[in-house]
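Chain residues, written in single-letter form:
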Amino acid sequence: MELFHDKEDMRKWSRAMKRAGKKIAFVPTMGSLHAGHLHLVERAKLEADVVVVSIYVNPSQFAPNEDFGSYPRDLRGDLDKLQPFCVDAVFNPYDLYVRDAGQNDSELSERKASSQQKAVNEGADDTRDLTSKRQRYTHEHETWIRVEKLELPLCGKSRPGFFRGVATVVTKFFHIVEPDVAIFGKKDYQQWRLVCRMVRDLDFDIKIIGCELIREEDGLAMSSRNTYLSSAERLQVAPTDLAFGKA
Ligand SMILES: Nc1ncnc2c1ncn2[C@@H]1O[C@H](COP(=O)(O)OP(=O)(O)OP(=O)(O)O)[C@@H](O)[C@H]1O
Ligand SMILES: CC(C)(CO)[C@@H](O)C(=O)[O-]
Ligand code: BAL
């Protein structure tokens, strides 16, 4: 399994696969993987010759008051979970919102390299990196993708800016990985529909597949943030969640 932190390395690998006649399936994630994600990977394997999984906690889809800093991160554990599925490549970019360090920008290059090494060694970002990631996307990035109507209701109401961040980072991934097929979970139903719409409107030549929701035994939808729930909260949530799923 290849691990890429640099977007140019990722792109080169994808293009080499294409030249070799391979079809690429792509599974974007924010890591802290669970069986729901692995189900998407299994589906991806049915759709193409090679599978790329991205692991990136995208700063631009989090509002300043949200959990970007505390979102669960476990790169080492994620790689271990992906290994048995024979995933071909994992893309774990250091930062997608800063322009590539130029040759003269040695301080930034060094910092980028040492942070990448740190991420692999420890499977986590330090607080300084997280703060800088947030600052970079707010200061160095000014081009955004918006799906103007679909981004408004439901999650868009409670998380303004969320779908702008998702549509933008998914577009970036599509340009870097250049997949033939991309797999999304219907757990995030609005996100899946919004990506389908964006692909249609912007003429991406990528097939989007929506995968069924995978649940825990007690009916709770699997989700990386379930670790935030206490056992009491879990008991309250699961039956409602199950009833909703069956409705
Ligand atoms: N239980 C699940 N069943 C099917 N797909 C899922 C499930 N959980 C996540 N996915 C899909 O995996 C992809 C990556 O999701 P993400 O990494 O945000 O995980 P998550 O569990 O949804 O995290 P969060 O707790 O932040 O919502 C998305 O397309 C999402 O819809
Ligand atoms: C699609 C995505 C990977 C974009 O950051 C994220 O919103 C997610 O994991 O659902
Ligand atoms: N799967 C949803 C990603 C998020 O809540 O940011």
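Residues numbered from 1 in each chain as written. Chains lettered and ligands numbered in written order. Predicted model: local features only at pLDDT ≥ 70, side-chain atom pairs only at ≥ 80, totals over all residues. Heavy atoms only, no water.

Under an unreviewed UniProt entry, the name given to the protein chain is Pantoate--beta-alanine ligase, and the source organism is Ceratopteris richardii. As its UniProt record puts it under Catalytic activity (unreviewed entry), the protein chain is described as follows: "(R)-pantoate + beta-alanine + ATP = (R)-pantothenate + AMP + diphosphate + H(+)". Quoted straight from UniProt, the Pathway (unreviewed entry) entry for the protein chain says "Cofactor biosynthesis; (R)-pantothenate biosynthesis; (R)-pantothenate from (R)-pantoate and beta-alanine: step 1/1." (UniProt positions renumbered as here; feature names shortened; annotations may be inferred.)

### Topic: the pairing of strand S2 (residues 24-29)
Within S2, 6 of the 6 residues are buried, leaving the element largely enclosed by the surrounding structure. Alternating positions in S2 separate into two faces, Ile24, Phe26 and Pro28 on one and Ala25, Val27 and Thr29 on the other, with burial throughout. In this structure, S2 lies alongside strand S3 (residues 50-55), joined through 6 bridges in parallel fashion. Residue pairing across strands places Thr29 opposite Ile55, the latter belonging to S3. Each parallel crossover has a hand, and the one from S2 via helix H2 (residues 35-47) to S3 is right-handed. (Buried < 20%, exposed > 50% of the residue type's maximum accessible area, 1.4 Å probe, protein only. Helix = DSSP H or I, 4+ residues; strand = E, 2+ residues; numbered from the N terminus. Pairing = 2+ DSSP bridges. Right-handed = clockwise from strand over helix to strand, strands pointing away.)

### Some details on the pattern of salt bridges
Across all of its chains, the model carries 12 salt bridges by this definition. Among the ionic pairs, Lys207 bridges to Glu47, the shortest N-O distance being 3.4 Å. With a gap of 160 residues between them, Lys207 in strand S6 (residues 207-211) and Glu47 in helix H2 connect regions that are remote in the sequence. Taking the shortest distance from any N to any O, the salt bridge between Asp188 and Lys187 comes out at 3.4 Å. Classification of Asp188 by relative accessible area gives partly exposed; the value is 33%. Linked through salt bridges whose partners overlap, the residues forming this network are Arg43, Glu47 and Lys207. (Salt bridge = Lys/Arg side-chain N within 4 Å of Asp/Glu carboxyl O.)

### Structural notes on helix H8 (residues 189-201)
Between its first and last C-alpha, H8 extends 18 Å over 13 residues, near the 18 Å set by a 1.5 Å rise per residue. Those residues of H8 that sit buried are Gln190, Gln191, Trp192, Leu194, Val195, Cys196, Met198 and Val199. In this structure, the buried residues of H8 make contact with helix H6 (155-158), helix H7 (162-177), strand S5 (181-185) and S6. Two residues or fewer past H8, Asp203 is found with a positive phi of approximately 60 degrees. (Expected span 1.5 Å × (residues − 1). Contact = heavy atoms within 4.5 Å.)

### A few points about the site of ligand 2
Taken together, Pro28, Thr29, Met30, Asn58, Gln61, Val166, Val169 and Gln191 make up the full set of residues adjacent to ligand 2. Gln61 is positioned with one of its side-chain polar atoms (N or O) 2.7 Å from an oxygen atom of ligand 2. A distance of 2.7 Å is found between an oxygen atom of ligand 2 and a side-chain nitrogen or oxygen belonging to Gln191. When ligand 2 is considered free in solution it has 290 Å² of accessible area, and contact with the protein chains removes 89% of it. Elements represented by at least two residues in the shell around ligand 2 include exactly S2 and H7. For the shell around ligand 2, the class distribution of residues is 4 nonpolar, 4 polar and no charged. (Near = heavy atom within 4 Å. Polar contact = N/O pair within 3.5 Å; in protein donor to acceptor, adjacent residues only side chain to side chain. Areas by Shrake-Rupley, 256 points an atom, 1.4 Å probe, with all protein chains shown as cover. Nonpolar A, V, L, I, M, F, W, Y, C, P; charged D, E, K, R; others polar.)

### Re the packing of H7 against H8
Put simply, H7 and H8 touch, their axes get as near as 11 Å, and they point 55 degrees apart. With respect to H8, the axis of H7 lies oblique. The two elements H7 and H8 cross, and the hand of that crossing is right-handed. Together, Phe162, Phe163, Val166, Ala167, Val170, Thr171 and Phe174 of H7 and Gln190, Gln191, Leu194, Val195, Met198 and Val199 of H8 make up the contact between the two elements. Taken together, the residues of the contact of H7 with H8 break down into 10 nonpolar, 3 polar and no charged. (Axes fitted to C-alpha atoms, helices over the stretch in contact; angles between N-to-C directions. Parallel < 35°, antiparallel > 145°, perpendicular 65-115°, else oblique. Left-handed = near helix turned anticlockwise from the far one by under 90°.)

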